[in-house]
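Listed below are the residues making up each chain.
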Amino acid sequence: MSVDDPRTLVSTAWLARHLRDPDLRVLDASWYLPDAGRNAQAEYEAAHIPGARFFDIDDVSDARSDLPHMAPPIEKFMSRMRRIGVGDGHQVVVYDGAGLFSAARVWWLFKLMGHDDVAVLDGGLPKWQAEGREVEDMEPIIRDRHMTVRRQAHLVRDVTQVSAASKLRDAEIVDARAPERFRGEAPEPRAGLRAGHIPGSKNVPFKALLKDDGTMKDEAGLRAAFEDAGVDLGKPVITTCGSGVTAAILSLALERLGKTDHSLYDGSWSEWGQFPTLPVATGDT
């Protein structure tokens, strides 16, 4: 499998070759947990890949929901993309300042909206800069482009659907959080959430899918990470995490494996962990 697939993952070398393509749009989708002490917007303004536009995950979300950065209504997504000049016929490449963290969430969001020509930059801005590649601090020139949206409802799951899957065990629920959070041994970064995981879910921490340099493992490495966690890849997979961001790294990895019957639980633990009526499991199983 080539590293470069404009519908999943592309290398820094691929992006450097295509950076001046007229129909390429590069998005900086950096986002950090509140305790990281980083300001994604300020970092973008200081240095970004030439021509990149800033994609604000918290803004391009459903403002009607109390849950963090839930997928936005179609109309809001379309208007926000027009505002940053992304639309039909564009090849989108998404990166982030952590390496491979929040960019996958925006990749998934474009897929949800029916836009398939979107890839994550493998290794993100850290790898790009480590290789001495060009960055700039200028705002890109934005030209309007209409975006046609066809929402792919099969790519997202709500709490009712996940609850049914937990009971019936007809799909694998795979949690991207760190093992100590999955087991319920570490407190959640968001206040008011119970500790533990969805009963019947399996734990594949997103870092298990990445190499030391922040790039994604090859197909054999990805498959091993899922199989070592006891995930039956013959079943449909529902990915989950703390708030629907790192779950998308699992979704990206599954897509790299050629698995298409996967969906993402958008509410994730931010939703499940706050409702006392939903069961919680602790420990490894």
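Residues numbered from 1 in each chain as written. Predicted model: local features only at pLDDT ≥ 70, side-chain atom pairs only at ≥ 80, totals over all residues. Heavy atoms only, no water.

### Observations concerning the packing of helix 4 (residues 103-112) against helix 9 (residues 247-256)
Where helix 4 contacts helix 9, the axes come no closer than 8 Å and their chain directions differ by 65°. On the basis of the axis angle, helix 4 is roughly perpendicular to helix 9. The way helix 4 lies across helix 9 gives a crossing that is left-handed. Every residue of helix 9 that contacts helix 4 at Ala104, Arg105, Trp107 and Trp108 is listed here: Ala248, Ile249, Ser251, Leu252 and Glu255. Of the residues assigned to the contact of helix 4 with helix 9, the class counts are 6 nonpolar, 1 polar and 2 charged. (Axes fitted to C-alpha atoms, helices over the stretch in contact; angles between N-to-C directions. Helix = DSSP H or I, 4+ residues; strand = E, 2+ residues; numbered from the N terminus. Parallel < 35°, antiparallel > 145°, perpendicular 65-115°, else oblique. Left-handed = near helix turned anticlockwise from the far one by under 90°. Contact = heavy atoms within 4.5 Å. Nonpolar A, V, L, I, M, F, W, Y, C, P; charged D, E, K, R; others polar.)

### Quick look at the pairing of strand 9 (residues 237-240)
On strand 9, burial covers both faces: Val237 and Thr239 on one face and Ile238 and Thr240 on the other are all buried. Here 4 bridges tie strand 7 (residues 172-175) to strand 9, and the two strands are oriented parallel to one another. Its bridge partner being in strand 9, Asp175 is matched across the sheet by Thr240. Handedness of the β-α-β unit built from strand 9, helix 9 and strand 10 (residues 262-265) comes out right-handed. (Buried < 20%, exposed > 50% of the residue type's maximum accessible area, 1.4 Å probe, protein only. Pairing = 2+ DSSP bridges. Right-handed = clockwise from strand over helix to strand, strands pointing away.)

### Quick notes on the sheet that holds strand 3 (residues 53-54)
With respect to topology, 5 strands assemble into an open sheet ordered 1-5-4-2-3, the strand pairing being parallel. In the strand order of this sheet, the two ends are held by strand 1 (9-10) and strand 3, each with one partner. The sheet contact formed by strand 2 (residues 24-28) and strand 4 (residues 91-95) spans 5 bridges and is parallel. When the bridges of strand 4 are listed, Arg25 appears paired with Val92.

### Structural notes on the nonpolar core
Phe55, Phe77, Trp108, Phe110 and Phe226 are the most contacted members of the largest nonpolar core, which totals 55 residues. Those elements giving two or more residues to this core turn out to be helix 3 (74-83), strand 4, helix 4, strand 5 (118-121), helix 8 (219-228) and helix 9. In contact with Phe77, other than residues within four places in its own chain, are Phe55, Val60, Pro72, Leu109, Phe110, Met113, Met147 and Val149. With 18 residues, the next largest nonpolar core counts Trp14, Val26, Phe54 and Leu121 among its residues. (Core = buried A, V, L, I, M, F, W, Y, C linked by side-chain atoms within 4.5 Å.)

### Observations regarding the packing of aromatic side chains
If you walk through the whole model with that rule in mind, you get 5 aromatic pairs. With 6.3 Å between their ring centres and 15° between their planes, Trp31 and Phe101 make a pair best called stacked. Remark: Phe101 occurs in the loop between strand 4 and helix 4 and Trp31 occurs in the loop between strand 2 and helix 2 (40-46); sequence separation between them is 70 residues. Taking the relative accessible area as the measure of exposure, Phe101 reaches 13% and is therefore buried. Between Phe55 and Phe110, the aromatic rings sit 6.3 Å apart at their centres with planes inclined by 50°, giving tilted as the arrangement. Taken together, the residues Phe55 in the loop between strand 3 and helix 3 and Phe110 in helix 4 connect sequence positions 55 residues apart. An aromatic cluster is defined as three or more aromatic residues linked by ring pairs; in this entry it consists of Trp31, Phe101 and Phe206. If you follow Arg133 out to its NZ or CZ, it ends over the ring of Trp128, 5.6 Å from the centre. Sitting over the face of the ring of Trp269, Arg177 holds its NZ or CZ atom 4.7 Å from the ring centroid. (Phe/Tyr/Trp six-rings, centres within 6.5 Å; stacked < 30°, edge-to-face > 60°. Lys NZ or Arg CZ within 6 Å of the ring centre and 35° of its normal.)

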